[in-house]
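If you want the building blocks of each chain, they are given just below.
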Amino acid sequence: MGMLTFDAIVVGAGPAGVAAALTMARGGLKVIIIERGRFAGAKNLFGGVFYTHALADVLPDYWERKPPFERPVTEQGYWMLSPDSVIRVMHKSERYRKEPADAYTVLRARFDPWFAEQAVEAGALLITRTTVTRLLKDERGRVIGVDTDRPEGSVYAPVVIIAEGVNNLLTRQAGLIASDLPPTHVALAVKEYVNLPAKELQARFGLSGPREGVAIDVFGDVTLGLPGTGFIYTNQSGISIGVGMLLSEFITHRLRPYEVLERFKNHPVVRPYLEGGEVREYGAHLIPETGYDRMPKLAGDGVMVAGDAAGMVDALHREGTNLAITAGKAAGETALAAHQQGDFSAAFLSRYRRTLEDSFVLKDMKQYRRMTDFLESSPHFMGTYVNLLNEAALRYFTAHGIPKREMEHDIIKMVRERRSFTGVAWDMLKLMRAMRG
Amino acid sequence: MNAEQPVVPRIWVFVEQQERQVHPVSWELLGAAKRLSADLPGSVVEAVLPGHQIADLAPQAFHYGASRVYVIDSPVLEIYRNLPYAVAVSQLVMQYRPEIFLIGATTLGRDLAGSIATRVGTGLTADCTELAIDPAQHILAATRPTFGGNLMATILCRRHRPQMATVRPRVLPMPDPMPDATGEVINVPFDMREEDVPVKRLRLIRAEEQPNIEYADVLVAGGRGVGGPEGFALLEELANALGGMVAASRPVVDAGWMDASRQVGQTGKTVRPKLYIAAGISGAVQHRVGMSGADVILAINTDPNAPIFQIATLGIVGDLYDVIPALIRQVKGQAQDGHAHL
Amino acid sequence: MHAVVAIKQVPDTSNVRIDPETGTLIREGVPAIVNPYDLHAVEAAVQLKERVGGGQVTVITMGPPKAAEALIECIEQGADRAILISDRKFGGADTLATSYVLARAIETINAELPVDIILFGKQAIDGDTAQVGPGVATRLNIPLITYAIAIEEFDLEARTAIVHRRVEQGIEVLQTSLPVLLTVEKEIAPVRHAPLPRLIAAARYQPEVWSATAPVVFDPQQIGLKGSPTVVGKAFTPEQRSGGEVISVADLGLNAVVARALAVIEQAHVRNLQPETGVVS
Ligand SMILES: Cc1cc2nc3c(=O)[nH]c(=O)nc-3n(C[C@H](O)[C@H](O)[C@H](O)COP(=O)(O)OP(=O)(O)OC[C@H]3O[C@@H](n4cnc5c(N)ncnc54)[C@H](O)[C@@H]3O)c2cc1C
Ligand SMILES: Cc1cc2nc3c(=O)[nH]c(=O)nc-3n(C[C@H](O)[C@H](O)[C@H](O)COP(=O)(O)OP(=O)(O)OC[C@H]3O[C@@H](n4cnc5c(N)ncnc54)[C@H](O)[C@@H]3O)c2cc1C
Ligand SMILES: Nc1ncnc2c1ncn2[C@@H]1O[C@H](COP(=O)(O)O)[C@@H](O)[C@H]1O
C-alpha cells in the first residue's frame, strides 16, 4: 500500500467531528474520521441535554433516522439549594410537547455511535481505536496530514479538522492556541448515571409518560457555595446527576470531585429522587471555560479547529454539543469550498470564522465573554446568595405572627450581615455586565 | 450389549491420577456422588480409573464411597493424552450407560470431558459449584456461575445420558474416608496401540513445586490494602503462627507482590479452608466466589462498607497494621504458654 | 499454510451487571469484544503464516449479525477471510450444537483449501466452558492440544508440529501430526497493534455470511436449541453467605477486638497451633 491519502481528515468523532465529516462526505469528499475510543462516544460524557436545532441543520431528516434520544425536555428550571432547603424555579409548558422537541436528554454512549453512523452512511470512513499523535506539516509549516499511534499510521490530506474535544493537544501543536487551559479556565464535571425503572422515575418527577422529561440545573450548596453548578436530568429509565466546578476550585479547596457529587446525592432534597437506584456509570470530564476572548485561532494553513477544542461552550446555558455541531458543519463547508478553489491557506480557511461570527456560536460566546471572569472574581456569589434566598424564603413562609414589615426588615438585615450593601450592589452590577456581554 | 441390568442408575466419577497421584478433586466428587445417590433411588456410585499400572489405587476409591471401580490399564494411558483417554472412557460409557458422570474441572478434566461428551453425544455442564437431584424430574441439576460470577445458572440435561458435569477442585467438601470400605474391581480391556496415538510427549518441563493454597486449612489473604510487598511478611508471620499459608487477591498478583499461584478468586483458585483471614481485601464478587466456601471468615478492613463484611463471620473495622501484629502476639503467646483454649 | 481460527464475540464481563430485580443480565451499554483468548489465537495464526512465508488465515464465528464486528477486528489483526455463520435457527446452541456447526463449517472450508491448523481460544469469558474446542477436534477426529502456549516447530512438509502446553505440573512439550486443533492461552502470541492500512481495509471488509442452509446444509436436528442436550433450568443471582457481626477498633479498642478475633479463630477448630512455625497441612 502506498501513502494513505484523503481529501480531508477529521480528528475525533464527537459532535463537532461527525458534523464536519458528514458535511464533507455529502459534499463528495473522501473523508476519514479518526477516533481513539473503541467506538464513537465510548469515552464521551456530558450532562445530558441535547438541542436539536443544530442537528436539523446538518441532518434535516434526522427525525426519520430515529436518533436514540432519551426523553424530550418538557420541564426545565433551577433549584437553588441551601444546606437544608431548596427554592425551585421550574418551567413546564404544553408548548414543549411538540415533537421533535427543542431539546432531548441523551446518553452519549448511545447518541454518538448513531451520529457517527450517519456520517459513515454518507460515505465517510470511520477508524476507531486509533489516536492521532501529531500533525504532519510540510517544510513551510502547513498541515498536510496526521500521524497516529498505529504502525504505518500516517495519513495525508490537504485539510485537517481538529475536533479533539477539551484536551486540545493537537490544537496547541497546530499553533492555534499558545498554551493549555489554566485551571481557572476549565471546569471539571463528575457525573453518574443512576438507573431507575421508568415508572418509578416518572412518579418521582411527576412525568405523565415516556414523552416527558425534566432538566434541572442546581446552584448553591451543591458546590458548597463555590462557583459551579449541579444538574439532574431524566433519561428513559434513569437519572443523570452531576456536578461541575472550575478545576481551580477543586484544587484550592482540596475537594475531591467524587466526594462533592456524593454530598450532592445525599442532600436531603436530592436523596429521595435517587433512592433505590443503581449507579450504572460514573465518569468525569472537563469543560472548557475558555471564553470568547481566549479562544484559539480557528484556522491555520491546512487546518481548522471546532467544538470543545476551540472552547466553543456556553457554560451558562450548558450548551456545547449544538455549538460543536454548528461549528463542525461550518468547518466542513469551508473545506468543501477550499477544495473547489484548491486553496487551503489560512487566509482562505478564515472564512470559517466569519461564518461562525454570523451564527449563534460566536454571538453567544461574545455575549457571555465575561461570565467566567465574573465567577472567578466573585466566588461568594453562588453560596451566599443562594443560602440567603433560602433563609429569606424560610422567614417569609414561616413568619406567622410577626408583623410583615418587621419580617422584611429582618430579611434585609440578614443580607447585610452576610455581605455589605455596596458589595451586593457591586455583585449585581457585575453579574448584569457578564450576562449582557 | 449390556453386561449389567440396565435399570440401575449409575453415578460415575472419573478418578484423575497422574504419576499415580490421585487428584483430591476425585474424592470430593465421590463425596458429591454419594449425596446425589441418596436422592436418586436405587442408584450406585462407581469410579472410573484409567492409567497404567494403577490398579492398586482402586481401594482408595472404595474408601471415598465407590462401590465399584472400573480400571482401564494400558501402556498408552501411562501419561495423559486426549485421544486414548477419550476413546477408552467413551467406550466404557457406551457400554454401561451411566446416568450421571462427574469429572474434576482440572486441566486434564477439562481437556477430556468435552471430548467424551462429544463422542457420546451428550450434554456437559462445566465448572459447576453445586450439584443436586431435581426432585420432580429425578435428573441432575448442575449449578454454575456465568458472566464473571455475577449470575448463577442451573443447567439440566433432560433426555441425553450420561448427564455430565465438571466441578472445580475445592468447591465441594472433602468427604471423610472410610478405611474399611471395599468394593468390586472391573478390569476393562483397552487395546489401542501407541502407533495410533497422534500426539507424543517429548518432555515435561517441570515447574517448581508451587505452593498449593487450595488444600491449606488456614489462609491469611492480603489485598491491595496491604499496600506493598513488604506487608506480606507480616501476613506470612500470622500464617505461620496459625499453621497456614498466605493467599492474595488479584491486584496483588497483578502488581507482582505475590505469585499467581496464590491468587484466590474467579481467575485464581477456589479455596475452602477452615479459616480465611482477609486483610485489606474489599471483597469483590470475583474474589468472593473463590473463598466464600471457607468455614470461618475473618475480615479486617478500614472501610466499614467493604463488601467483604457482608460474608465475614467476624468483620473488624480497623487498620490491618494494628490488628494483625496484635493478633500475632496473642496467637504466639497462647501457643507458647500452652494454656491455649484453642 | 491454511489456518482456521474460531472466534466468539462476548460481552466484556468486566463490565457486566445484573439487574437485581429480575436477576437477568444487563447487556445494555456493555461493550461487545472479541473473546480475549481468541484474539491471541488469531495473532498466533498470523504469526505462523509469516513464519512459514505465506498462506491464509480464515476466521469463523457462529453468532448474531452483530458478531460481524468481531470478525472485522480479526481482519484488522491480519486474518484474510472471515465467515459469519448466522441464522436464527442456530439460536440457543449449547457447546455440543456449537461444536457441530463449527466442525461442519471447517470441513467445508477444508474441502476448498486444506486446513493445516485450527486455533481456538482456551475458553470464552462469557461462559468459561472451554468445551467447544475439544468438541470440534473430536468431531473432526484430529489431534487436540489444549492450553497451548507456544508453537515450537511447525513443519508443513513432515506434517508435524511441536507445541508447548501448560499443565499443572509444568509445561508439556508435545509432538503432533497435522492438522491439529489447539486451544490457546494468551502467551501463545502477544496481540499486536494492527497497522492503520489494515484497519482501513478492514473497515470496508464484508464477512461472508453463511446460513443454516447455504452454502452448507446443517442438520436441523443438531443445531440450535434442538441440537442442545442442556437447557438452562433457572438463572439467579448468587446467594450470598450471610455475614456475622462487624466490630470496630475505634469503638471497642484493639484488645477487645483481638480477643473477639481469637474466639473466632478458635471456632474454626484450627488445631495445629504450634509454638514455633506451623507446618502446612
Ligand atoms: C459534564 C458535562 C455536561 C455537559 N452538558 C452539556 C449539555 O447538557 N448540553 C450540551 O449541549 N453540552 C453539554 N456539555 C458540553 C458538550 O459535551 C461538549 O461541548 C461537546 O461534547 C463538544 O463536542 P466535541 O465534538 O467538540 O468534543 P467531544 O465530544 O469531546 O469529542 C472529541 C472526540 O475526539 C476524540 N479524540 C480526542 N483526541 C483525539 C486524538 N488525538 N485522536 C483521535 N481521537 C481523539 C475523543 O475520543 C472524542 O470522541 C457538557 C459537558 C460536560 C463535560
Ligand atoms: C473477569 C474478572 C476476573 C477477576 N478475577 C479475580 C480473582 O480471581 N481474584 C480476585 O481477587 N479478583 C479478581 N478480579 C478483580 C476484582 O474485581 C477486584 O478488583 C479485586 O478482587 C479487588 O482486590 P482487593 O480487594 O485486594 O483491592 P481493593 O478493592 O482495592 O480493596 C482494598 C481494600 O483494602 C482496604 N484497606 C486499605 N488499607 C487498609 C489497611 N491499612 N488496613 C485494612 N484495610 C485496608 C480498603 O478499604 C479496601 O477495601 C477479577 C475481575 C474481573 C473483571
Ligand atoms: N459461537 C462460536 N463461534 C466460534 N467459535 C466459538 C464459539 N463459541 C466458542 N468458540 C470457540 O471456542 C472457544 C472456547 O469457548 P467455550 O467452550 O465456550 O469456553 C472460544 O475461545 C472460541 O475460540
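Conventions we followed
- Residues numbered from 1 in each chain as written.
- Chains lettered and ligands numbered in written order.
- Predicted model: local features only at pLDDT ≥ 70, side-chain atom pairs only at ≥ 80, totals over all residues.
- Heavy atoms only, no water.
- Contact = heavy atoms within 4.5 Å.
- Buried area = accessible area lost by both parts, 1.4 Å probe.
- Salt bridge = Lys/Arg side-chain N within 4 Å of Asp/Glu carboxyl O.
- Polar contact = N/O pair within 3.5 Å; in protein donor to acceptor, adjacent residues only side chain to side chain.
- Helix = DSSP H or I, 4+ residues; strand = E, 2+ residues; numbered from the N terminus.
- Phe/Tyr/Trp six-rings, centres within 6.5 Å; stacked < 30°, edge-to-face > 60°.
- Buried < 20%, exposed > 50% of the residue type's maximum accessible area, 1.4 Å probe, protein only.
- Lys NZ or Arg CZ within 6 Å of the ring centre and 35° of its normal.
- Pairing = 2+ DSSP bridges.
- Axes fitted to C-alpha atoms, helices over the stretch in contact; angles between N-to-C directions.
- Near = heavy atom within 4 Å.
- Areas by Shrake-Rupley, 256 points an atom, 1.4 Å probe, with all protein chains shown as cover.

(A) Summary view of the interface of chain C and chain A. At the junction of the two partners, chain C supplies 20 residues and chain A supplies 22 residues. Summing both sides of the interface, chain C and chain A together bury roughly 1800 Å²; the carbon and sulfur share of this comes to 59%. At the surface where chain C touches chain A, the tally comes to three salt bridges. Here chain C and chain A share four residue pairs in polar contact (both at pLDDT 80 or more) between them. Secondary structure elements with two or more residues in the side of chain C that touches chain A: β3 (17-18), β5 (32-34), α2 (68-76) and α5 (196-203) of chain C. Among the elements that line the side of chain C that touches chain A, the one with the most residues is α5(C), at six residues.

(B) Representation of the packing of aromatic side chains in the model. All names here are of chain A. Within the structure shown, the criterion is met by 25 aromatic pairs over all chains. Their ring planes at 40 degrees and their centres at 4.8 Å tell us that F205 and Y273 sit as a pair that is tilted. Placement of F205 in helix α5 (residues 198-205) and of Y273 in helix α8 (residues 271-274) is noted, with a sequence separation of 68 residues between them. In this pair, the class of F205 matches that of Y273, namely buried. Residues Y258 and Y282 carry aromatic rings whose centres are separated by 5.0 Å and whose planes lie at 90 degrees to one another, so their mutual orientation is edge-to-face. Placement of Y258 in helix α7 (residues 257-265) and of Y282 in strand β17 (residues 278-288) is noted, with a sequence separation of 24 residues between them. When its relative accessible area of 37% is taken as the criterion, Y258 is described as partly exposed. By the ring-pair criterion, three or more aromatic residues cluster together here, those being F50, Y62, W63, F69, Y104, F111, W114 and F115. A cation over an aromatic ring shows up here: K30 above the ring of F6, its NZ or CZ 4.8 Å from the ring centre.

(C) Quick peek at the interface of chain C and chain B. Listed by partner, the interface residues are 82 residues for chain C and 89 residues for chain B. Between chain C and chain B, the buried area comes to about 7300 Å², and carbon and sulfur atoms account for 60% of it. At the boundary of chain C and chain B, one finds three salt bridges. At the junction of chain C and chain B, the tally comes to 23 residue pairs in polar contact (both at pLDDT 80 or more). Going through the elements one at a time, α4 (132-140), β9 (144-155), β10 (160-167), β11 (170-177), β14 (230-236), β15 (245-248) and α7 (254-267) of chain C are the ones with two or more residues in the side of chain C that touches chain B.

(D) Here's a closer look at the sheet that holds β15(C). One open sheet accounts for six strands, arranged β15(B)-β14(B)-β16(B)-β17(B)-β18(B)-β15(C); its pairing is parallel. The sheet is open, and its two borders are formed by β15 (245-248) of chain B together with β15 of chain C, each paired with just one other strand. Neighbouring strand axes in the sheet, compared pairwise and without regard to direction, differ in orientation by 20 degrees on average. Examined bridge by bridge, strand β14 (residues 218-222) of chain B and strand β16 (residues 275-279) of chain B share five bridges and lie parallel to one another. For L219(B), the partnering residue across the bridge sits in β16(B) and is Y276(B).

(E) Fine view of the site of ligand 2. The environment of ligand 2 is made up of 26 residues, and the closest members are R224(B), S249(B), T267(B), S282(B) and N301(B). Flanking ligand 2 are residues from chains B and C. The contact in question runs from an oxygen atom of ligand 2 to an N or O atom on the backbone of G268(B), over 3.2 Å. At 3.1 Å from an oxygen atom of ligand 2 is found a main-chain nitrogen or oxygen belonging to G280(B). In isolation ligand 2 exposes 990 Å². Once the protein is present, 80% of that is buried. Listed by contribution, the elements that provide at least two residues to the shell around ligand 2 are α6 (250-254), α7 (285-291) and β17 (296-301) of chain B.

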